[in-house]
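Single-letter residue listing:
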Protein chains: 2
Amino acid sequence: MAVTIRDVARQAQVSVSTVSRALSAPGLVKEATRRRVLDVVQGLGYQPNRAARSLITGRTGNLGIVVPDLENPFFPAVLRGVQTRAGEAGTSVFFCDSREDPLTEAELVRTMAPQVDGVVLCASLMSDEQIAELAGVTPLVLINRIVPGVSSVLMDSASGMDQVVTHLESLGHQHYVYLGGPAAVWSNNRRTQGLAGRAQLLGSFEPNFAGGVTAAEQALRTGATAFIAYNDLMALGALSHLAAVGVGVPQQVSVTGFDDILYAAMCSPALTTVTMPTEEGGKVAVDLLAALLDGGPAEHRELPTTLVARASTGEAG
Amino acid sequence: MAVTIRDVARQAQVSVSTVSRALSAPGLVKEATRRRVLDVVQGLGYQPNRAARSLITGRTGNLGIVVPDLENPFFPAVLRGVQTRAGEAGTSVFFCDSREDPLTEAELVRTMAPQVDGVVLCASLMSDEQIAELAGVTPLVLINRIVPGVSSVLMDSASGMDQVVTHLESLGHQHYVYLGGPAAVWSNNRRTQGLAGRAQLLGSFEPNFAGGVTAAEQALRTGATAFIAYNDLMALGALSHLAAVGVGVPQQVSVTGFDDILYAAMCSPALTTVTMPTEEGGKVAVDLLAALLDGGPAEHRELPTTLVARASTGEAG
DNA sequence: GTGAAAGCGCTAACAC
DNA sequence: GTGTTAGCGCTTTCAC
């Protein structure tokens, strides 16, 4: 087996507790002793056994994150933030993809719980009650979801949606249609609120490319001059359908997305959309989790979103 | 604290060792006893403490995976496969994104090593020597990379590239240019081999959208009628540049990608590309890792790839 | 087939 | 400031 704390203690001529303290409570040992211990640690390449440490402290040094769909680039972006911040703290990250299924989500959180100190739950599809219950099983932080009594970080999509509509208004549009995501999705309701009744609602479609195609098909029949999609994936689907049926974007119809995923800038016409503070959101979530683990109360943070006007929107025809 | 093995033992009227055996070596206890124990386990909701178990067995029940870029949809697709197969075995997955940096990659593997039973390394950018050395630190399985003595699963991109060229030939093209990925990338060399000298080489570009834009700019000067990109992200960049400068695809220039990421089918014109067995690759990697942990030798598997002809290729102009 | 007991490597009282 | 010691929850000899 590898080198243990006892090996270090022997070679540094101190007791095991001193080694332990030198490593995890540096203030409690004399500077000179600490130095000597650390030298030996370095020399031997000693790495504390995490299992042994966990067994006593009850902490694992791990954290979990559950996302609905890894293939929606929005979530990898959030993951980056989580990984970055967690890495700084020496924490490892378990990830899971729930495939947009609330039951799977709950199961994954429960499975992870014993081997992590807490879980970050991204755009959860569960009910408030289910989430509240899980928050009792393990420390929990939500991203883009609010449940009373549970820590959360919200990217302000209501404001983002407001910016979208204002942008379209400034271009002279008067008749918009909202290509809605699944009715049961919390973010969808939030975005609908941001519309404040200023758009005709169409819904509920799958929040992906195929859903966007279907939605655009229906939206064309409304005679609206602007399509506001629930997210970028749907907007891309809409763009594809409009191209297929020969409707000019933005000459005949303007299209907007939401999230500003990598591909929003890559498609043609480039998509007007709302930038989400994804990486920042991931980092803040980790911070909130840390605060929770330190015994703090549940907290809520809100992060701003920004409209990015690109080529898919233009003057009303 | 939670319910321990002792609680189960007491209530089932057996010793802790019997409980332990009933759970991890069912063959060693009488059927009746085993039943009784399992009933109590169920009733109490007992879950063995993984830290305690690890401390003795030396196994963590975890596995790690390192990918170069989570935002390239190719990798989330592989992750899905890994997660699926690992989940079936009750194994949790740590993920890490190396941001296309070989040093980070090595560091991540070393960091993970103590808390996982093995690591899956995706499209590694490290040298053969570095990889071989890491394989000594922890059980290792490579995806899309071959290093002697190290287990690996390869998606056969040489054959894929061959299919691409054959397809272009059948459309009457005679002058192709290859928009190459980074020269140091193993997969890039592999794909170049698949070209077998039948295309003019241009390189080395960043394997992303921006790289594709730059590459297309240069490729236009060659007068070639078909652009073969290292991967889909580059192909999308090329498509974007061609649209920007008013070059018709596929009327004037045909474009092909590689990987068949989600967006390959979504862009317009839809991209002709090569489908990679991503999810399957992830699953096989987990299997190889399991075999390794069971004391088996390093193994190598090869998975087939298939050309998907879409709208971005057509008859030579 | 089952039980008793010895640790796995570490931290946290508790003494000094 | 530092050392001694008692476990954390589990698996695994070794007896019976």
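Reading the values: the criteria
The written sequence of each chain sets the order in which its residues are numbered from 1. Just so you know, chain letters begin at A and ligand numbers begin at 1, following the order they were written in. With pLDDT at 70 or above as the cut-off, local features in this predicted model cover only qualifying residues; side-chain atom pairs require 80 or more to be listed or tallied, and sums for whole chains, interfaces and linings still use all residues. By convention in this description, side-chain values take in all heavy atoms of the structure and omit both hydrogens and water. Method remark: on a 1 Å grid restricted to protein atoms, a set of points is classed as a cavity if a 1.4 Å probe fits but cannot get out and as a pocket if it is open with protein on both sides within 12 Å along at least five of seven lines; lining residues have an atom within 4 Å of a point. Grid points are joined across faces, edges and corners, and a volume is the space filled by probe spheres set on the points. A run of DSSP states H or I qualifies as a helix once it reaches four residues; a run of E qualifies as a strand once it reaches two. Both are numbered from the N-terminal end. Throughout, the ten residues Ala, Val, Leu, Ile, Met, Phe, Trp, Tyr, Cys and Pro are labelled nonpolar, Asp, Glu, Lys and Arg are labelled charged, and all others, Gly among them, are labelled polar. Contacts: residue pairs with any heavy atoms within 4.5 Å of one another. Defined here as a combined quantity, buried area equals the accessible surface (1.4 Å probe) lost by two parts on assembly, summed across both. The term salt bridge refers to a side-chain nitrogen of Lys or Arg lying within 4 Å of a carboxyl oxygen of Asp or Glu. By the criterion applied in these results, polar contacts are pairs of N or O atoms within 3.5 Å in which, for protein atoms, one can donate a hydrogen and the other can accept it, and in which residues neighboring in sequence qualify only through two side-chain atoms. UniProt positions are given in the numbering used here, feature names are shortened, and annotations may be inferred rather than shown by experiment. One bridge is not enough; two strands pair if DSSP finds at least two bridges between them. Axes here mean lines fitted to C-alpha atoms, for a helix over just the part in contact, with angles spanning 0 to 180 degrees between N-to-C directions. Domain start and end points were adopted from an automatic or database domain assignment. Only a single heavy atom is needed: when it lies within 4 Å of a molecule or strand, its residue is near that molecule or strand. Here a Phe, Tyr or Trp ring, Trp counted by its six-membered ring, pairs with any other such ring whose centre lies within 6.5 Å, and the pair is stacked when the planes are under 30 degrees apart, edge-to-face when over 60, and tilted otherwise. Exposure categories follow from relative accessible area, calculated using a 1.4 Å probe and restricted to protein chains: below 20% of the type maximum is buried, above 50% is exposed, and the middle band is partly exposed. Superposing copies: least-squares fit, C-alpha atoms only, residues required to have pLDDT of at least 70 in both. The definition used for a disulfide is geometric: two cysteine sulfur atoms within 2.5 Å.

Per an unreviewed UniProt entry, chain A is named LacI family transcriptional regulator, and its organism is Lentzea guizhouensis.

1. Considering the layout of surface pockets
Reported here for the second largest pocket is a volume of approximately 1100 Å³. Surrounding the second largest pocket, 43 residues form its lining, A86, A89, G90, T91 and S92 of chain B being those nearest its centre. For the lining of the second largest pocket, the elements supplying multiple residues, two or more each, are strand 2 (92-97) and helix 6 (102-112) of chain A together with helix 4 (50-57), strand 1 (62-67), helix 5 (74-88), strand 2 (92-97) and helix 12 (278-293) of chain B. The biggest single contributor to the lining of the second largest pocket is helix 5 of chain B, with six residues. Among the residues making up the lining of the second largest pocket, the classes are represented as 16 nonpolar, 16 polar and 11 charged.

2. A closer look at the interface of chain A and chain B
Counting from both sides, the interface comprises 40 residues of chain A and, opposite them, 40 residues of chain B. A per-residue breakdown of the area chain A buries against chain B is headed by E71, R80 and F95 of chain A, which together make up 20% of the total. For the pair chain A and chain B, the number of links is six salt bridges. Taking the shortest distance from any N to any O, the salt bridge between D97 of chain B and R80 of chain A comes out at 2.9 Å. Along the contact surface separating chain A from chain B lie 14 residue pairs in polar contact (both at pLDDT 80 or more).

3. Structural notes on the UniProt feature "domain: HTH lacI-type" (unreviewed entry) in chain A
If you check UniProt for "domain: HTH lacI-type" (unreviewed entry), the listed places come out as residues 3-57 of chain A in our numbering. Strand forms 0% of residues 3-57 of chain A and helix 71%; the C-alpha atoms that close the span are 21 Å apart.

4. Remarks on the sheet that holds strand 8 (residues 226-229) of chain B
The strands that make up a sheet are held in pairs by hydrogen bonds between backbone atoms, and each pair lies either parallel or antiparallel. All names here are of chain B. The parallel open sheet is built from four strands, whose spatial order is 7-6-8-9. Only two strands of the sheet have a single partner each, and these edge strands are strand 7 (200-202) and strand 9 (254-256). Averaged over all adjacent pairs, the angle separating strand axes in this sheet is 20°, with direction ignored. With three bridges connecting them, strand 6 (residues 176-179) and strand 7 associate as parallel partners. Bridge assignment links L179 to a residue of strand 7, and that residue is L202.

5. Remarks on the domain arrangement of chain A
Assigned domains of chain A: these are domain 1 (5-57), domain 2 (62-155 + 278-304) and domain 3 (157-276). When each unit is reduced to the centre of its C-alpha atoms, the spacing between domain 1 of chain A and domain 3 of chain A is 58 Å.

6. Examining the protein's contact with DNA strand C
Around DNA strand C, a shell composed of 25 residues is seen, among which I5, Y46 and R53 of chain A together with T18 and T33 of chain B lie nearest. Residue S15 of chain B places a main-chain N or O atom 2.9 Å away from a phosphate oxygen belonging to DNA strand C. Between T33 of chain B and DNA strand C, the recorded distance is 2.6 Å, taken from a side-chain N or O atom to a phosphate oxygen. Where the surface near DNA strand C is concerned, the elements lending two or more residues are helix 1 (5-12), helix 2 (16-24) and helix 4 (50-57) of chain A together with helix 2 (16-24) and helix 4 of chain B. Tallying contributions element by element places helix 4 of chain A first for the surface near DNA strand C, with four residues. Classifying every residue of the surface near DNA strand C gives 12 nonpolar, eight polar and five charged.

7. Re the environment of L233 of chain A
Structurally, L233 of chain A can be placed in helix 11 (residues 232-244). Spatially, the C-alpha atoms of L233 of chain A and P73 of chain A are 9.4 Å apart, while their sequence positions differ by 160 residues.

8. Looking at the protein's contact with DNA strand D
Taken together, the neighbourhood of DNA strand D is formed by 25 residues, with S17 and T18 of chain A together with I5, Y46 and R53 of chain B sitting nearest. Here the atoms of DNA strand D within 4 Å of the protein split so that 56% fall in sugar or phosphate, with bases taking the remainder. I5 of chain B is positioned with one of its backbone polar atoms (N or O) 2.4 Å from a phosphate oxygen of DNA strand D. N49 of chain B is positioned with one of its backbone polar atoms (N or O) 3.0 Å from a phosphate oxygen of DNA strand D. Secondary structure elements with two or more residues in the surface near DNA strand D: helix 2 and helix 4 of chain A together with helix 1 (5-12), helix 2 and helix 4 of chain B. Within the surface near DNA strand D, the residues separate by chemical class into 12 nonpolar, eight polar and five charged.

9. Things to note about the packing of aromatic side chains
If you walk through the whole model with that rule in mind, you get five aromatic pairs over all chains. Their ring planes at 10° and their centres at 3.8 Å tell us that F94 of chain A and F94 of chain B sit as a pair that is stacked. Linking F94 of chain A in strand 2 with F94 of chain B in strand 2, this pair reaches from one chain into another. For the pair shown, F94 of chain A and F94 of chain B are each scored as buried.

10. So, the relation of the copies chain A and chain B
In screw terms, the move from chain A to chain B is a rotation of 180° and a rise of 0.0 Å along the axis, fitting with an RMSD of 0.2 Å. Taken together, these values place the two copies in the relation of a two-fold axis. When you check the interface residues of chain A against chain B, 98% turn up at the interface there too, and the contact is symmetric in its surfaces.

11. Some remarks on the state of the cysteines
Residues and elements named next belong to chain B. In the structure shown here, the tally under the stated rule is zero disulfides over all chains. With no disulfide of its own, C122 lies closest to C96 among cysteine sulfurs, the gap being 13 Å. Relative accessible area serves as the criterion here: at 1%, C122 is assigned to the buried category.

12. What about the side chain of D97 of chain A?
Checked against the element boundaries, D97 of chain A lands in strand 2. For D97 of chain A, the side chain forms a polar contact with the side chain of R80 of chain B, separated by 2.9 Å. For D97 of chain A, the residues in contact, after removing those within four places along its chain, are V67, P68, D69, L70 and L108 of chain A together with R80 and Q83 of chain B.

13. Quick look at the environment of A51 of chain A
Take A51 of chain A: it is sitting in helix 4. Setting aside residues no more than four positions away along its own chain, A51 of chain A makes contact with A51, S54 and L55 of chain B.

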